[in-house]
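# Chain and residue survey
Residues per chain, in single letters:
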Amino acid sequence: MSAQQPPPPHRPLMAVALVVSFVFLVRADQDTRNAAYGYLALVLWVGIAAAVPVLLALAIPAARMRRRVRERQP
């Protein structure tokens, strides 16, 4: 069995949310009738800002535990 595992799915999701927020800003800037897209971009940024501490709180202990398990194995 391979020791390497695929990366967690939250990394691409955060990048996609950031790109989509910029697309929303461009759409909002094109026409005043599309101003709601600017608010959607802000909502995505708040979601990203709220998710980063949660993801760090999960990733740091997981990395420590993984390192401890690997050190114990012969």
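Provided above is the structure to which this section pertains.
Every value quoted in this text rests on a predicted model; they were computed, and no experiment measured them.

The rules behind the values
Residues numbered from 1 in each chain as written. Predicted model: local features only at pLDDT ≥ 70, side-chain atom pairs only at ≥ 80, totals over all residues. Heavy atoms only, no water. Helix = DSSP H or I, 4+ residues; strand = E, 2+ residues; numbered from the N terminus. Buried < 20%, exposed > 50% of the residue type's maximum accessible area, 1.4 Å probe, protein only. Areas by Shrake-Rupley, 256 points an atom, 1.4 Å probe, with all protein chains shown as cover. Patch = residues over 30% accessible without salt bridge, like charges linked within 9 Å, V, L, I, M, F, W, Y side chains within 5 Å. Salt bridge = Lys/Arg side-chain N within 4 Å of Asp/Glu carboxyl O. Lys, Arg positive; Asp, Glu negative; His and termini not counted. Charge placed at Lys NZ, Arg CZ, Asp CG, Glu CD. Phe/Tyr/Trp six-rings, centres within 6.5 Å; stacked < 30°, edge-to-face > 60°.

## Side note on the overall build of the chain
Scanning the chain for helices and strands turns up 2 helices and 0 strands. Taking all 74 residues of the chain together, the buried fraction comes to 8%. Split by element, the accessible area of the chain, about 6500 Å² in all, is 67% carbon and sulfur.

## Overview of a positive patch on the surface
Together, Arg64, Arg67, Arg68 and Arg72 give the surface a local cluster of positive charge. Within the secondary structure, arginine 68 is located in helix α2 (residues 36-72). For arginine 68, a relative accessible area of 51% corresponds to the exposed category.

## Brief notes about the packing of aromatic side chains
Any pair of aromatic rings gets described here by the distance separating the centres and the angle formed by the planes. Inspection of the entire model under this criterion finds 2 aromatic pairs. Judged by centre distance (6.2 Å) and plane angle (65°), the rings of phenylalanine 22 and tryptophan 45 are edge-to-face. Of this pair, phenylalanine 22 sits in helix α1 (residues 10-30) while tryptophan 45 is found in helix α2, placing the two residues 23 residues apart along the sequence. Taking relative accessible area as the criterion, phenylalanine 22 reaches 45% and is therefore assigned partly exposed. We classify tryptophan 45 as partly exposed; its relative accessible area is 32%.

Without other data, these values stay purely geometric and don't point to any function.
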